[in-house]
Amino acid sequence: MAAHRSGPLKQQNKAHKGGRHRGRGSAQRDGKGRLALKILSKKVRKELSRVDQRHRANQLRKQKKEAVLAEKRQLGSKDGPLHQVLVVPLHERISLPEAFRLLQDKDTGTVHVNEWGSTHSFMLLCPRLKHRWFFTSARPGDLHTVLDMAKVADTIIFLLDPLEGWDSTGDYCLSCLFAQGLPTYNTQQEAEVLLRQLANQKQQHLAFRDRRAYLFAHAADFVPSEENNLVGTLKISGYVRGQTLNVNSLLHIVGQGDFQMEQIDAPMDPFPLNPRVIKSQKDPGMAMEICAPDAVADMEEDLKVLMKADPDKQESLQTEVIPDPMEGEQTWPTEEELSEANDFLKKSSKVVKKVPKGTSNYQAEWILDEDGESGGEDEYDDIEHGDFIEEESQDEGSEKEEEEEYETMTMGESVHDDLDDENVDDEAEEKMLEKYKQERLQEMFPDEVDTPRDVAARIRFQKYRGLKSFRTSPWDPKENLPQDYARIFQFQNFTNIRKRIFKEIEEKDVEGAEVGWYVTLHVSKVPVSVYEYFKRGAPLIAFSLLPHEQKMSVLNMVVSRHSGNTEPVKAKEELIFHCGFRRFRASPLFSQHTAADKHKFQRFLTADVALVVTVYGPITFPPASVLLFKQNSNGMHSLIATGSLLSVDPDRMVIKRVVLSGHPFKIFTKMAVVRYMFFNREDVLWFKPVELRTKWGRRGHIKEPLGTHGHMKCSFDGKLKSQDTVLMNLYKRVFPKWTYDPCVPEPVPWMKSEISLAVPEVDME
């Protein structure tokens, strides 16, 4: 008699709940080891009434409003730094002198024109508006000058053409400026309204400069040293901005490097809002105004030394660790480990199976343990005597030479149709065509490589290893580090150090020149080329470094491909970086942006997803914007990617994957003979522990080699299809190249006639 089973409509009663009469044991069992929180937060939150909450909100709103007003009043005032305005024309037909003539009205205020260099700049002192401006300009064609001056500008004014707006050069300049980060910009055309708007506008904050002191040089002088005329003391004069400037901190001159300061002087402000009036002792009714030229002459009288560097407190210029070759880790195995390995090799793995009478050893190997099915008795003779069924293969030598077809896309008005073959660099064209081919192959067959025939695979891929799971398999970040890692610095906890430094900045614990002071910095051991660079009209911009920012480490940056550039960019190519206030050259690695502990290496900078760029470089505390440029063969710099600084972490592992492919030659139920993955018996035995997979989702492993030509018998979790491909994943950790160079060559200015892209069409069929 069958037992009764309740159906789906059986009534389900609620379980009894103990309520508050539960015992301590049942409560602990339900909690599963979790402990109750004693304190919800560090700060005890006091319950406020609705009236107190409204009053507190009003106080916070009032404090924020007062802070914004105080910032507006300080910038450009008599006690604050000059309001620095960068004027950028976005069209070649725009005349800068005409635009400056509208602002240089004598009725508005006093104008002081700077004569140094080829750039147009002037000071405007307006007592009526109680404001001081410093107007400077930069052409969009001089890209690095525009970007460097935008890093320290308080306001940027873009001049547009009334008919066309901006041209292609201006559009490219706008793309770079928006990627780096813009301060406040304005589009008012009337001069009077523009000045009033500039005086009252709210300032946009840039994170990488708000926490550092920086200075735009209005004057400079060079005093050569006694031993060498090529090196000496550089005197930089300007207004302190951002934060308080300490003489013991290091100073970074953009595009030149890091230097130490000897002392900070406080000369008289050469551009006071209200000129100082000196009354004559002989004639009290006679007064004299001191203007900028008189202020320069009178500077020596009012010169006052603010601070001198203390050798005990001064930051060191050491950027690298001097490695000691005797401190290398000894990884040679011990005698116990060697004996255990020998014992393991001596053990023979014999498996007892029940087989029919007359079965040979080879036939017994094909009998599976689970279902006992065999793959056929007549297969051994075919394999032993080499009677293989050859597949049709295409002759590699019969490939036709591919021809390049170019489609020229010209941006701008002027078109050069008279270019002939003499101006084409054949070698550069061949390299670019090869890059396009490699990028297309990488998209079609990710990470697949051909097993070499002339070199054994166990030698060619001896640095690689197999992983059971790329996501969960362990990998020690301190294993097999390169020699360059002995030269870099690493923090035990980078996040905590960054928080501590930023907290000290917020608490204003630094002593030195306050924001708004006009100072002269004595920078020691500076090459004379820096002063000559400034005399040619280039801007001289200096940033103070936070602690540890002169030391070398590994920088990780998240970037996205710029839509205006489609040329393939391969990993480890030399690129130009704008990282925050720094500019340098380096050869980066590309990797996936994931939350795992291992990140797969990318051979090319892809356009669809964000990638992480890894380079050797000086430590920079985020946040900081990142721009990547590539120098073309004609000397021009092309923007290829934009992003931000992610972290400073040498332990971030970038793992390169190679995929070896083989083809199933004979297929049985769950067994198959695979060929063309290896070409000798020793390689099959070497890679036997590595797991196999197929493109159709099967997984398996190597059972044993067959013959001496690299054929192998493999077992899978299901039957293979004849059109499937057997793959083996191998991994190794890769590191960037040490090619850091703080000196970046000046690019060729962008010209409208030169902005044309020749894109080769590559046929991969």
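Residues numbered from 1 in each chain as written. Predicted model: local features only at pLDDT ≥ 70, side-chain atom pairs only at ≥ 80, totals over all residues. Heavy atoms only, no water.

By the naming in an unreviewed UniProt entry, the protein chain is Pre-rRNA-processing protein TSR1 homolog, taken from Leptonychotes weddellii. Regarding the protein chain, the relevant UniProt record gives this comment under Sequence similarities (unreviewed entry): "Belongs to the TRAFAC class translation factor GTPase superfamily. Bms1-like GTPase family. TSR1 subfamily." Per its UniProt entry, the protein chain bears the Function (unreviewed entry) comment "Required during maturation of the 40S ribosomal subunit in the nucleolus." (UniProt positions renumbered as here; feature names shortened; annotations may be inferred.)

K.L.:
When you look at helix 3 (residues 96–103) in this model, what are you seeing that I'm missing?
P.N.:
Note: α-helices contain 3.6 residues per turn, so residues at a spacing of three or four share the same orientation. Among all positions of helix 3, only L96, A99, F100 and L103 are buried. Angular distribution of buried residues about the axis of helix 3 spans 95 degrees; they occupy a single face of the element. Seen from the buried face of helix 3, the exposed residues on the opposite side, beyond 90 degrees, are R101 and L102. (Buried < 20%, exposed > 50% of the residue type's maximum accessible area, 1.4 Å probe, protein only. Helix = DSSP H or I, 4+ residues; strand = E, 2+ residues; numbered from the N terminus. Arc of directions from axis to C-beta.)

K.L.:
I keep staring at a negative patch on the surface and nothing clicks. Help me out?
P.N.:
Negative charge collects at one region of the surface, where E335, E336, E337, E340 and D343 lie side by side. With respect to the helices and strands, the residue E336 is situated in helix 9 (residues 335–346). Among the residues examined, E336 registers a relative accessible area of 60% and is labelled exposed. (Patch = residues over 30% accessible without salt bridge, like charges linked within 9 Å, V, L, I, M, F, W, Y side chains within 5 Å. Areas by Shrake-Rupley, 256 points an atom, 1.4 Å probe, with all protein chains shown as cover. Salt bridge = Lys/Arg side-chain N within 4 Å of Asp/Glu carboxyl O. Lys, Arg positive; Asp, Glu negative; His and termini not counted. Charge placed at Lys NZ, Arg CZ, Asp CG, Glu CD.)

K.L.:
In this structure, what is going on with the packing of helix 4 (residues 143–152) against helix 5 (residues 168–180)? I would like to understand it.
P.N.:
Geometrically, a packed helix pair is captured by the angle between its two axes and the distance between the axes. With their axes 10 Å apart at the nearest point, helix 4 and helix 5 run at an angle of 35 degrees to one another. Classified by chirality, the crossing of helix 5 by helix 4 is right-handed. On helix 5, the residues that touch L143, V146, L147, A150 and K151 of helix 4 are Y172, C173, C176, L177 and Q180. Across the contact of helix 4 with helix 5, the residue classes tally to eight nonpolar, one polar and one charged. (Axes fitted to C-alpha atoms, helices over the stretch in contact; angles between N-to-C directions. Left-handed = near helix turned anticlockwise from the far one by under 90°. Contact = heavy atoms within 4.5 Å. Nonpolar A, V, L, I, M, F, W, Y, C, P; charged D, E, K, R; others polar.)

K.L.:
I would appreciate a short explanation of the nonpolar core in the present structure.
P.N.:
Among soluble globular proteins, nonpolar side chains are generally buried collectively. One finds M557, F577, L628 and F629 to be the most contacted residues of the largest nonpolar core, which totals 77 residues. The two domains that each donate at least three residues to this core are domain 1 (73–200) and domain 2 (207–273 + 302–320 + 487–548). Apart from the residues within four sequence positions on either side, M557 is in contact with F577, C579, F584, L611, V612, V613, V615, V626, S644, L645 and L646. Judged by nonpolar contacts, the second largest core, of 26 residues, contains F222, I236, F259 and L521. (Core = buried A, V, L, I, M, F, W, Y, C linked by side-chain atoms within 4.5 Å. Domains from an automatic or database assignment.)

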